Amino acid sequence: MDFGAVLQTNPPSSRVVQLAQLAEHHGFSHVWTFDSHLLWQEPYVIHSAILAATRKLVVGPFVTNPLTRDWTVTASVFATLNEMYGNRTVCGIGRGDSAVRVLNGTPSTLRTLRESVHVIRELANSRSVEHEGVTLQFPWSTGSSLEVWVAAYGPKALALTGEVADGYILQLADLDITQWMITAVRDAAEAAGRDPMSIKICVAAPAYVGSDLDHQREQSRWFGGMVGNHIADLVDRYGTSGAIPQTLTDYIAGRTGYDYNTHGQTDNDHVDFVPDEIVDRFCLLGTAQDHIDKLKALKDLGVDQFAAYVMHDSKEETLRQYGEIIIPALREHVVATS
């Protein structure tokens with residue numbers, strides 16, 4: 001299992017670079033950042049600094065979207081970073097949430113998402129692509145390599161992921177829901193004639209290592225609110241008839257609204273509807289052994305990477321415990337079960 005750290009690009013940007021260096025030191029293979037240019041600093045500028053300050057880290061957005069950024073510009077960014085630092089980038093992409101909604105927009109259609117994945121991947125892999133009636137290619141790019149991982153929750157988005165994505169991003173760590181989502185993606189891949197096991201599975205959730213569970217919950221409750229935004233959209237579209245797991249639909253019954261000004265922040269003051277049970281199921285909390293136990297279960301479900309949202313008041317200590325205790329234990333688990 002690989003490990004990623006998900007960071008917000010809050011100023012000072014030097015702090016984000018420092019945390020990325022610390023993550024690499026502790027054995028993390030990936031660093032991801034939010035891509036919401038009004039709420040936080042511009043991620044791709046900081047990605048360049050992270051790549052320059054590290055040796056092996058793979059860096060990418062968690063996640064970008066096809067609406068606020070021109071697809072060809074996005075592809076150019078990745079191809080340029082790959083030329084500068086070697087092929088050390090990955091593109092996480094979805095329909096758009098905070099970056100779109102703070103502009104009073106709505107998420108993209110799945111058709112737009114599908115087309116953007118194709119255009120970005122072809123161009124950023126130094127290949128030509130047909131787009132808007134013209135053949136495009138970067139004449140300066142050779143040997144660039146980029147995987148595109150799609151974030152999804154709903155049935156149609158999961159099907160799209162299985163059909164076109166190099167990887168799947170699931171932003172929660174509930175074991176039952178994870179199994180349901182992975183099955184949907186792999187079934188769609190098989191139906192499309194793809195090898196289901198070729199799609200990398202990334203589960204992402206807040207990770208906080210410590211002994212004060214009540215405090216850890218309060219520092220992580222924002223995540224249930226963030227996930228709730230996506231689930232509310234799905235309930236509007238599909239209802240509660242069983243198209244998505246009932247565990248997801250039930251907990252947002254008390255949701256009354258959402259303020260993106262505190263999106264992804266521990267002091268989010270409108271997530272009281274998220275119960276402790278959901279925080280515990282969606283996140284990785286508790287002692288190092290608690291994390292190890294849950295990560296082993298996720299690995300056994302087929303998860304290839306756990307991406308830890310490190311957005312709380314114990315960032316360094318959590319990264320340290322992952323590096324010294326948790327990641328080594330998961331490597332031993334892989335050896336023992338292989």
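Residues numbered from 1 in each chain as written. Predicted model: local features only at pLDDT ≥ 70, side-chain atom pairs only at ≥ 80, totals over all residues. Heavy atoms only, no water.

### Regarding the pattern of salt bridges
Pairing is possible between side chains that carry opposite charge, provided their charged atoms lie close to one another. In total, this model carries 19 salt bridges according to the counting rule given. When the shortest N-O distance is used, the salt bridge between Glu316 and Arg15 registers 2.7 Å. With a gap of 301 residues between them, Glu316 in helix α12 (residues 315-337) and Arg15 in helix α1 (residues 13-25) connect regions that are remote in the sequence. A relative accessible area of 37% places Glu316 in the partly exposed class. Asp166 serves as the salt-bridge partner of Arg121, at 3.0 Å between the closest nitrogen and oxygen. Residue Arg121 is found in helix α5 (residues 110-124), and its partner Asp166 is found in the loop between α6 (155-164) and β8 (167-170); the two are separated by 45 residues along the sequence. One exposure class covers both Arg121 and Asp166, and it is buried. (Salt bridge = Lys/Arg side-chain N within 4 Å of Asp/Glu carboxyl O. Helix = DSSP H or I, 4+ residues; strand = E, 2+ residues; numbered from the N terminus. Buried < 20%, exposed > 50% of the residue type's maximum accessible area, 1.4 Å probe, protein only.)

### Structural notes on the sheet that holds strand β9 (residues 200-206)
The sheet built from eight strands is open, its strands ordered β3-β2-β1-β10-β9-β8-β7-β4 with parallel pairing. Pairing within the sheet leaves two strands with one partner each, and these edge strands are β3 (58-61) and β4 (90-93). For this sheet, the mean inter-axis angle between neighbouring strands, taken without regard to orientation, is 25°. Examined bridge by bridge, strand β1 (residues 2-7) and strand β10 (residues 305-309) share five bridges and lie parallel to one another. Bridge assignment links Gly4 to a residue of β10, and that residue is Ala307. Of the strands in this sheet, β4 and β7 (147-151) touch α5, which is tilted by about 170° from β4. (Pairing = 2+ DSSP bridges. Axes fitted to C-alpha atoms, helices over the stretch in contact; angles between N-to-C directions. Contact = heavy atoms within 4.5 Å.)

### Focus on the side chain of Thr161
Positionally, Thr161 belongs in helix α6. According to the relative accessible area criterion, Thr161 is buried, its value standing at 0%. Look past the residues within four positions of Thr161 in its chain and what remains in contact with it is Val150, Ala152, Gly167, Tyr168, Val185, Arg194 and Ile199.

### Overview of the packing of aromatic side chains
How two aromatic rings sit relative to each other is given by the distance of their centres and the angle of their planes. Enumeration over the complete set of coordinates arrives at 14 aromatic pairs. For the pair Phe34 and Tyr309, a centre-to-centre distance of 5.9 Å together with 90° between the ring planes defines the contact as edge-to-face. With Phe34 in the loop between β2 (30-33) and α2 (43-53) and Tyr309 in strand β10, this residue pair connects regions lying 275 residues apart in the sequence. Each member of the pair, Phe34 as well as Tyr309, carries the same accessibility label: buried. (Phe/Tyr/Trp six-rings, centres within 6.5 Å; stacked < 30°, edge-to-face > 60°.)

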